[in-house]
Amino acid sequence: MIGRRALLATGAALVLLPRARAFASRLSLRGSFEQGGLVVGKVEPGVPVLVDDKSVHVSPEGLFAFGLSYDGETPVRVHAAFKDAPDYEDVIQPVKRQYDIQSITGLPQEYVEPPPETLERMKQEREAIFAARQADTDGIGFAEPLDWPFAGRLSGIYGSQRILNGNPKAPHLGVDIAAPEGTPIRAPADGIVSIADDYYLEGGFTLLDHGHGVSTCYLHQSVRLVTVGQPVKRGDVIGHVGKTGRATGPHCHWGLCWFQMKLDPSRATSTPEPPKA
Ligand SMILES: [Zn+2]
């Protein structure tokens, strides 16, 4: 038997609650219900949760997470099996977004059409990133809204169709924050370093694992200051802004993922833009 109840006021495109506010009901969800949103749930400890019929990792405190994809239009079903009450099921209809077109010119051509000898290297780097994003670890750094990693100017937004040196490319599934080279980049939440390396397109690259499949990544760094396996706390400096890899000027491409699903970091922070430098 399925018990249904209204979960959230419909039409609320963005529901970000203050950090300190406690979850009120036996199962509650917060975050962004837009395409590209990260949703964080809390359920009574010990209650299994399914999202679209797949079991999700629930922490001992009852925390769990899932993402809404960039272009997903089908409703996402959240199901919890209580022992002493009818099963809970709710349906989230992702709020559809309009995405921009962004044209970038002046990129060195070897980054727009990488030379054949770099293809094997890029394949290995993609595979390393894929493997790291598959991790489903116990951390709960994902459970609080993220901090912006540094103050700066939002120079590229999530979802834009990219046209690089005139060539249409895949959408931009992260945000770009421009700031002077050498600006310290800080961990937006607690986590563990799962990749810290120099990659072809990404340049100085760090991936942080915040638990339950939620990760963030930092590209184009001039300096990396953490190593694989190292725990980081919210606010720790992990590297410096640079322009390594495929970049026309100093900025950090900041990505947020739920496993392989690329989400919008600017919808997982308490404010939609970084603080002004
Ligand atoms: Zn970017």
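Fair warning: this is a prediction, and the values are worked out from it, not measured in the lab.

> Explain the overall build of the protein chain here, please?
When you go through the protein chain residue by residue, the secondary structure sums to 2 helices and 23 strands. Computed over C-alpha atoms, the radius of gyration of the protein chain comes to 19 Å, within 12% of the 19 Å expected from 2.2 N^0.38 for 277 residues, which places it in the range of a compact globule. Based on the C-alpha atoms only, the size of the protein chain along its principal axes is roughly 60 × 40 × 35 Å. Within the protein chain, buried positions represent 47% of all 277 residues. Once local pairs closer than 6 in sequence are excluded, the contacts in the protein chain between residues at least 24 apart make up 66%. For the protein chain, the exposed area adds up to about 12900 Å²; of that, 55% sits on carbon and sulfur atoms. When the 28 basic and 32 acidic side-chain charges of the protein chain are each reduced to a single mean position, those positions are 4 Å apart.

> So what exactly am I meant to see when it comes to the nonpolar core here?
Inside soluble globular proteins, nonpolar side chains tend to come together where they are buried. In terms of nonpolar packing, the biggest core is built from 50 residues, with Leu-29 and Phe-66 touching the most fellow members. If you count residues domain by domain, this core takes at least three from each of domain 1 (2-92) and domain 2 (101-267). Not counting residues up to four positions away in its chain, the partners in contact with Phe-66 are Leu-29, Gly-37, Leu-38, Val-39, Val-51, Val-76, Val-78, Ile-92 and Trp-258.

> For this particular structure, what's the right way to read the packing of aromatic side chains?
The way to describe two aromatic rings as a pair is by their centre distance and the angle between their planes. Inspection of the entire model under this criterion finds 8 aromatic pairs. Plain terms: the ring middles of Tyr-70 and Tyr-158 are 6.2 Å apart, the flat faces sit at 75 degrees to each other, and that makes the pair edge-to-face. Note that Tyr-70 is positioned in the loop between strand E7 (63-67) and strand E8 (76-80) and Tyr-158 in the loop between strand E11 (153-156) and strand E12 (161-164), a separation of 88 residues in sequence. For the pair Tyr-70 and Tyr-158, one class covers both residues: buried.

Calculation criteria
Residues numbered from 1 in each chain as written. Predicted model: local features only at pLDDT ≥ 70, side-chain atom pairs only at ≥ 80, totals over all residues. Heavy atoms only, no water. Helix = DSSP H or I, 4+ residues; strand = E, 2+ residues; numbered from the N terminus. Rg over C-alpha atoms; globule rule 2.2 N^0.38 Å. Buried < 20%, exposed > 50% of the residue type's maximum accessible area, 1.4 Å probe, protein only. Contact = heavy atoms within 4.5 Å. Areas by Shrake-Rupley, 256 points an atom, 1.4 Å probe, with all protein chains shown as cover. Lys, Arg positive; Asp, Glu negative; His and termini not counted. Charge placed at Lys NZ, Arg CZ, Asp CG, Glu CD. Core = buried A, V, L, I, M, F, W, Y, C linked by side-chain atoms within 4.5 Å. Domains from an automatic or database assignment. Phe/Tyr/Trp six-rings, centres within 6.5 Å; stacked < 30°, edge-to-face > 60°.

By themselves, these observations are geometric and do not establish any function.
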